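Residue-level listing of the chains:
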Amino acid sequence: MTQRLIGIVFLVLGGWALLAPRSVIALAIRPDYQSQDFLAVFAVACFGAQACLFALVAFTARFTKRTFLAYGIALLPFFVFNWWFYFRVPLLSEVGLLDFAGNAVMLALCWHGWRVAPE
């Protein structure tokens, strides 16, 4: 169940980026940094496609303690990314902090999964 909740975070946020990349740009990026150029829209959609792909992995793979631990550790640099692009280079809007919220939820789920998963 825990890994499926991680998959849901990826599916919801990734699906939004994949299916409505212009909306993600309009809502999650501050106006000074927005671009509706093809490459920007394409890049956001690709980001969403990758997230949806990982959602599929989270829904179908068998996570162990090691998987939850590795994934939790791998999430840590994303908090630096969120901090940097909200406070240092103000690219992300408040809506863009949904990424931070998603990462925080997934980190908590990794901690929970690590505690309850079999070796």
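Everything below is about the structure printed above this text.
Residues numbered from 1 in each chain as written. Predicted model: local features only at pLDDT ≥ 70, side-chain atom pairs only at ≥ 80, totals over all residues. Heavy atoms only, no water.

1. Some thoughts on the nonpolar core
Turning to step 1, where the next piece is worked out: With 14 residues, the main nonpolar core has I6, F10, F68, Y71, L75, M106 and C110 as its most contacted residues.
Turning to step 2, where the next piece is worked out: If you list the elements that add at least two residues to this core, you get α1 (2–19), α3 (38–60), α4 (65–88) and α5 (98–116).
Turning to step 3, where the next piece is worked out: With residues up to four places along the chain from it excluded, the contact list for F68 reads T2, Q3, I6, F63, L109, C110, G113, W114 and A117.
Turning to step 4, where the next piece is worked out: Core analysis: the next-biggest nonpolar cluster, separate from the first, contains 6 residues, A17, I25, A28 and V41 among them. (Core = buried A, V, L, I, M, F, W, Y, C linked by side-chain atoms within 4.5 Å. Buried < 20%, exposed > 50% of the residue type's maximum accessible area, 1.4 Å probe, protein only. Helix = DSSP H or I, 4+ residues; strand = E, 2+ residues; numbered from the N terminus. Contact = heavy atoms within 4.5 Å.)

2. Overview of the packing of aromatic side chains
To describe a pair of aromatic rings, you give the distance between the ring centres and the angle between the ring planes.
Turning to step 1, where the next piece is worked out: What the rule picks out here adds up to 9 aromatic pairs.
Turning to step 2, where the next piece is worked out: Ring centres of F38 and F42 lie 5.7 Å apart, and the angle between their planes is 20°; this geometry places the pair in the stacked category. Linking F38 with F42, this pair stays in helix α3, spanning 4 residues, or about one helical turn.
Turning to step 3, where the next piece is worked out: A cation over an aromatic ring shows up here: K65 above the ring of W114, its NZ or CZ 5.2 Å from the ring centre.
Turning to step 4, where the next piece is worked out: It is R115 that lies over the ring of W111; its NZ or CZ is 4.4 Å from the centre. (Phe/Tyr/Trp six-rings, centres within 6.5 Å; stacked < 30°, edge-to-face > 60°. Lys NZ or Arg CZ within 6 Å of the ring centre and 35° of its normal.)

3. Considering the environment of R30
Turning to step 1, where the next piece is worked out: As for its position among the elements, R30 is in the loop between α2 (21–28) and α3.
Turning to step 2, where the next piece is worked out: Judged by its relative accessible area of 24%, R30 falls in the partly exposed class.
Turning to step 3, where the next piece is worked out: Separated by 46 residues in sequence, R30 and L76 place their C-alpha atoms 24 Å apart.
Turning to step 4, where the next piece is worked out: Discounting residues that sit within four places of it in the chain, R30 has contacts with Y86, P90, L91, L92, S93 and E94.

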